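Observations on chain architecture
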Amino acid sequence: MLIGVQSVTFRYPRTERVILDGASVALEAGDTVAIMGPSGSGKSTLLAILGGLLVPTSGQVWPSRDDRTGLMIGWIFQTVNVLGRRTALDNVALGAYARGASFDLARSQAEAALRSVGMHAQMGQRASRLSGGELQRVVVARALVSEPHIVIADEPTGSLDVEMSGQVVDALVAAKPVATTVVVATHDPEVARRCGRVFYLESGRLHEESP
Amino acid sequence: MIGWRWSNAPLEVVANLRANRVRNAIVGLFCAVASGVLFFAEMTATQSSVTTLRALEAAGRSVYVVEPSTETGVPLLNSETCDGLVRLPQVRASGGLTFSGFVDFKTAPGTPFRLFLATGSFARVVDPDSVAPSSSGLPTVMVARQALFQAGLKDGEAVSFVNGTEVAVHSFDPVLRHPLGALMVVAPRPPGLVEQCWFELRDADLAEASAVAQSAFVQSELRVSVRSAQDTNEFTTDPVRVFEQRSSRFGWLVLGFVMAVPLLVVAWLSRQQSAIYRSLYASRTAVLAIVAGEAVAVIVWGAAVGSAVALAVADQGESVEAASALVGLSAVCLAVALAIGLAIGGVSMTTRGQLTDQLKDR
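Summarised in this report is the structure supplied together with it. (Residues numbered from 1 in each chain as written. Chains lettered and ligands numbered in written order. Predicted model: local features only at pLDDT ≥ 70, side-chain atom pairs only at ≥ 80, totals over all residues. Heavy atoms only, no water.)

On the chain B side, the residues contacting the 30 residues of chain A number 26 residues. Here chain A and chain B share an interface that buries about 2,400 Å² over both sides, 58% of which is from carbon and sulfur atoms. When the area that chain A buries against chain B is broken down by residue, the three leading residues are Arg 85, Arg 86 and Tyr 97 of chain A, summing to 21%. Across the pair Arg 86 of chain A and Glu 12 of chain B runs a salt bridge, and its minimum N-O distance is 3.0 Å. Joining chain A to chain B, the criterion identifies eleven residue pairs in polar contact (both at pLDDT 80 or more). Among the residues forming the side of chain A that touches chain B, the class breakdown is 16 nonpolar, eight polar and six charged. (Contact = heavy atoms within 4.5 Å. Buried area = accessible area lost by both parts, 1.4 Å probe. Salt bridge = Lys/Arg side-chain N within 4 Å of Asp/Glu carboxyl O. Polar contact = N/O pair within 3.5 Å; in protein donor to acceptor, adjacent residues only side chain to side chain. Nonpolar A, V, L, I, M, F, W, Y, C, P; charged D, E, K, R; others polar.)

Turning our attention to the state of the cysteines. Residues and elements named next belong to chain B. This model, assessed by the stated rule, comprises one disulfide over all chains. One disulfide in the model links Cys 82 with Cys 197; its S-S distance is 2.0 Å. Across the S-S bond of Cys 82 and Cys 197 the torsion is about 90°, and the bridge reads as right-handed. Taken together, the residues Cys 82 in helix H3 (residues 79-84) and Cys 197 in strand S10 (residues 196-201) connect sequence positions 115 residues apart. Exposure remark for Cys 197: the relative accessible area of 0% places this residue in the buried category. (Disulfide = S-S within 2.5 Å. Helix = DSSP H or I, 4+ residues; strand = E, 2+ residues; numbered from the N terminus. Buried < 20%, exposed > 50% of the residue type's maximum accessible area, 1.4 Å probe, protein only.)

Quick look at empty space enclosed by the protein now. Using a probe with the size of a water molecule, rolled over the atoms, empty space left in the structure can be pinpointed. Residues and elements named next belong to chain B. Tallying each qualifying case throughout the model produces two cavities of 30 Å³ or more. Taken as a whole, the largest cavity holds about 110 Å³ of empty space. What lines the largest cavity is a set of 13 residues, among which Arg 23, Val 266, Val 291, Glu 294 and Ala 295 lie closest to the centre. Put simply, the parts of the chain that give the lining of the largest cavity at least two residues each are helix H2 (21-58), helix H8 (251-269) and helix H10 (284-317). (1 Å grid on protein atoms, 1.4 Å probe; cavity = no way out; pocket = protein on both sides within 12 Å on 5 of 7 lines; lining within 4 Å. Points joined across faces, edges and corners; volume = space filled by probe spheres on them.)

Moving on, we come to the pairing of strand S4 (residues 108-118) of chain B. Residue and element names in this part refer to chain B. Sheet topology note: the strand S3 (residues 91-105)/S4 ladder contains seven bridges and is antiparallel. The residue of S4 that forms the bridge with Phe 102 is Arg 114. Linkage of S3 to S4, two consecutive antiparallel strands, is achieved through a turn of two residues. Sheet topology places S4 next to strand S8 (residues 184-188); five bridges connect them, and they run parallel. Within the sheet, the bridge partner assigned to Ala 118 lies in S8 and is Pro 188. (Pairing = 2+ DSSP bridges.)

As structure tokens, this is what we get:
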């Protein structure tokens, strides 16, 4: 198992509401996983716990905090997080910096990553001038250029139309290395359809849909 | 390897400076104007004090007069003690003085000049620029420049003096430092008792002058008093005090906060940028270096430009002394240091908190 949680519960401090109630999931290298569920069902919380940004109220997380030093995670959020005044190439190069790449190496890797998501032509453009779908593909390239063990995408197509959503997810699935695990939180059945495993999160409980 | 190379941080600073050039130019211009105003205010305040101080020093700000505490009308001070003061490191020149009555010259009969008998380096006390006359074989009498002109004499001319003694007259300029300087004639006299002892300290300090005189004259068992040669009253300004109490002295504090405001606003608006770097495995220190580095560059650029322009403007009017420019520069440097400290603190705040929240925060 590459990453996972076992019997995890989560409750925000000073609230009674249980966000996650005994959720368990084990992901292997190369898995492509969709986590579906209604708004507020705890998808983002589960991803944050998987990614080590949140500590669960109870339950176990693998790898533990101490064992994560060598685990590279690429993040993609619904809100497009880019440096708007910098070019697409600059933004993707930041992902390569995460791997300790030098300036020149980072730029050549970023160029290759942009090509792999079909954004090579726009690499010199300012991020603020790109469309939502193009921006999200830049973010996909930035996540992948760091050669992550796992990509965690929190509703990456939530603000995109159907056509753009398809382009982004296709870019992610097609460009990812075989061993990279992808976890996507989504409302979109079309996105889930492109993933190998699909989980549903409802009332804090997680269950996997049979293939 | 996971994590950033440190060498990439300055490259990011440069790239962000270029990418945000319009914003940075506006903030930099703001810093330039603020720095320029402070630099100019401090520099002109200092320049004004320095000019006043120079004028007062030329007029004998550091010259003191020792007299017996009780007025007896007869010379009581030992001229050798007075002349010996010059051997003290803090004393620039010293000499005894006794008023000897009025004298006239054949070239201007009937015009009474004031004749003083002096010892030591009295002439240098009242005229620091006076030079010892080259020996012509004749006794020398120093005559105030105005008196020399009034008597129709020339510098170095041999004239018949009191009792028909042949002397050489040399001009000096005691007008600024001695109240009777305009018509002053000073003849040398052998060591003995004098009415007054004049001396100049290297720095003006009445307390020190008193201590110097009291300790020098203590052996004579004579009570002496020391006063400044300059007349002072409630309208006399002390340039040192004026400088110390200038209104712009805390300007650096105000300017530091003023310059920090736009930088803190920019830091607050850049919190998502900080979160992006953090999500890409840049350490908090690296993020701080990148975001604060941009702010530091803008402040320093603004302060340097503002100071240079203020210096150039001030230099158009009258030449600015290095000391004045240094005071202006020091104030700006203090303000810049404060603004940088506040900006770093602000940026540091933006690198804390929940990463997921900051990335969603737009």
